[in-house]
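Take a look at the letters that make up each chain.
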Amino acid sequence: MNTGRNEQSHTGLPPTDGLLHVLNVDSGDADAVITSSLTFVRKHLGMDVAYLSEFQGDDFVFRAVSAPGFEDLVQVGGTMPLDRVYCRHILEGRLPELIPDTADQPFAQGIAITHDLPIRSHVSVPIRRPDGSPYGMFCCLSREPKSGLNPRDLEVMRAFADVSADQVNTRLSREAEYRETVQMVERVLDQSAFDIAMQPIVDIATGRVAGHEALCRFTPDPYRPPNEWFDLAATVDLSQDLECRVIERALEFLPALDPNQYISINISPDTLAAGRLAPLLQDGPSGRVQVEVTEHAVIADPDLFAFEAARLRRRGARLAVDDAGAGYSGLQQIIRLRPDVIKLDMSLTRDIDTDPARRSLAAAMVKFAADTSARVVAEGVETRAELDMLRRLGVSHGQGYYLGRPKIRQPPGVIRSA
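Below, the structure is looked at part by part.

The next point concerns the overall build of the chain. When helices and strands are counted, the chain shows 15 helices and 16 strands. The 418 residues of the chain split such that 48% are buried. For the chain, the share of sequence-separated contacts (at least 6 apart) that also reach a separation of at least 24 residues comes to 61%.

Take unusual backbone geometry next. Going from Leu117 to Pro118, the amide bond is cis rather than trans, its omega being -5 degrees. With respect to the helices, strands and loops of the structure, Pro118 is situated in the loop between α5 (112–116) and β5 (121–128). Following Asp221, the chain continues into Pro222 via a peptide bond in cis, with omega recorded as -5 degrees. By secondary structure assignment, the location of Pro222 is in the loop between β8 (209–218) and α7 (226–235). Positive phi values are uncommon outside glycine, yet Ser192 reaches one of about 45 degrees. For Asp351, which is not a glycine, the phi torsion comes out positive at approximately 60 degrees.

Below, the discussion takes up helix α11 (residues 302–314). With 13 residues, α11 extends 18 Å from end C-alpha to end C-alpha; this agrees with the ideal 18 Å at 1.5 Å per step. Taken residue by residue, α11 has Phe305, Glu308, Ala309 and Leu312 as its buried positions. Buried residues along α11 cover an arc of 105 degrees about the axis, so they all sit on one side. Set apart from the buried face of α11 by more than 90 degrees, the exposed residues are Asp303 and Arg314.

Attention shifts here to the pattern of salt bridges. Within the structure shown, the criterion is met by 19 salt bridges. Put simply, Arg311 and Glu308 hold a salt bridge, and the shortest N to O gap is 3.1 Å. With Arg311 and Glu308 both in helix α11 and three residues apart, this pair spans about one turn of that helix. For the salt bridge of Asp371 with Lys367, the shortest nitrogen-to-oxygen distance reads 2.7 Å. One end of the pair, Asp371, and the other, Lys367, are both in helix α14 (residues 356–371), four residues apart, so they sit about a helical turn from each other.

This part takes up the side chain of Ser124. Topologically, Ser124 is positioned in strand β5. Classification of Ser124 as buried rests on a relative accessible area of 1%. Dropping the residues within four chain positions of it, Ser124 is found in contact with Ile90, Glu97, Met137, Phe138 and Cys139.

Our next topic: the environment of Asp351. Tracing the sequence through the fold places Asp351 in the loop between α13 (346–349) and α14. Classification of Asp351 as partly exposed rests on a relative accessible area of 39%.

Criteria and cut-off values
Residues numbered from 1 in each chain as written. Predicted model: local features only at pLDDT ≥ 70, side-chain atom pairs only at ≥ 80, totals over all residues. Heavy atoms only, no water. Helix = DSSP H or I, 4+ residues; strand = E, 2+ residues; numbered from the N terminus. Buried < 20%, exposed > 50% of the residue type's maximum accessible area, 1.4 Å probe, protein only. Contact = heavy atoms within 4.5 Å. Expected span 1.5 Å × (residues − 1). Arc of directions from axis to C-beta. Salt bridge = Lys/Arg side-chain N within 4 Å of Asp/Glu carboxyl O.

Shape is all these values report; function is a separate question.
The structure is reproduced here in structure tokens:
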């Protein structure tokens with residue numbers, strides 16, 4: 001029986017996808033699908049125990065069980081040696097998949113577990129991986145013979161085994177993808193497989209470089225932009241480790257900068273709230289560090305975030321809200337962050353010299369910053385006209401290709417274009 005077939009089988013059961021409706025479960029809940037499948041076939045065949053097993057070396061592990069009243073015999077996570085059970089014999093053809101009465105099977109009579117439980121009737125079909133190798137077995141057994149068991153019952157068993165196999169293989173695929181992602185991110189961490197590019201932040205009034213934003217450029221092939229690497233790391237709970245490793249690397253370049261210049265680093269609210277940044281700054285000149293938190297990032301724990309932000313400020317670091325104006329959280333998030341610096345997102349800066357709406361929003365942000373003793377940095381400045389308009393609006397600092405492209409820095413001070 002092939003998974004995903006469109007026509008109804010001769011058992012009268014619907015296609016595999018339709019069996020989920022029979023089970024009344026969501027296909028997204030693999031454990032519920034498998035347990036419901038086992039319960040259905042156990043009741044349908046009138047058996048005592050149903051389980052799905054996974055082969056591990058010379059043992060098998062119970063991965064799902066439906067056996068009310070027989071919990072002492074089978075439990076999820078329990079193991080049994082393969083040489084004590086029927087599995088290998090069924091796979092290798094020494095025993096049939098359908099056994100109405102083990103008393104009629106001389107080979108089964110020679111296996112100790114047949115008498116120890118006892119097993120009088122048994123139905124079992126393999127669960128296979130996509131490559132055809134056996135994962136385990138989908139099995140029902142009873143202490144009583146079931147003389148009425150027939151090939152049609154075996155087809156029912158196979159149908160629900162197919163449903164369970166789909167769930168198992170989906171989970172195996174996801175687990176393999178997870179492991180692969182963990183390995184990819186851990187390689188980046190172990191090898192520091194990224195460069196740090198510095199982009200100047202310029203005092204608009206004087207034209208002098210006031211500081212540099214540290215930007216990450218990952219080096220593994222195929223190329224992925226930084227946001228994709230951090231998103232990837234987040235799927236395997238390694239985003240904070242990756243952020244901290246990038247920040248550590250960026251801070252290594254601070255002593256090489258002009259003493260009057262600062263470095264601006266990016267961090268997520270969760271990593272800051274976890275208290276992982278302050279230890280990285282304890283041995284350095286924190287007064288030359290600016291910490292950027294994106295305006296539209298969710299602060300999961302505002303109290304912890306506020307505590308850590310205050311801790312950084314006591315060390316002399318400044319807090320900046322990045323991408324201001326890019327999201328929908330707007331001033332509410334900015335008020336919560338209480339930043340020392342507001343960085344206007346490039347979506348506001350772009351064409352600000354010709355767009356009255358952008359000018360109005362930027363002017364409001366400048367007024368807000370003045371009232372809260374913050375300063376404004378405009379990102380994405382790409383033309384002289386934009387820069388002139390920002391100056392007229394009272395924006396104190398700018399950043400963008402017109403003022404300076406990011407330059408990758410390599411120890412000890414070798415510089416090349418990003």
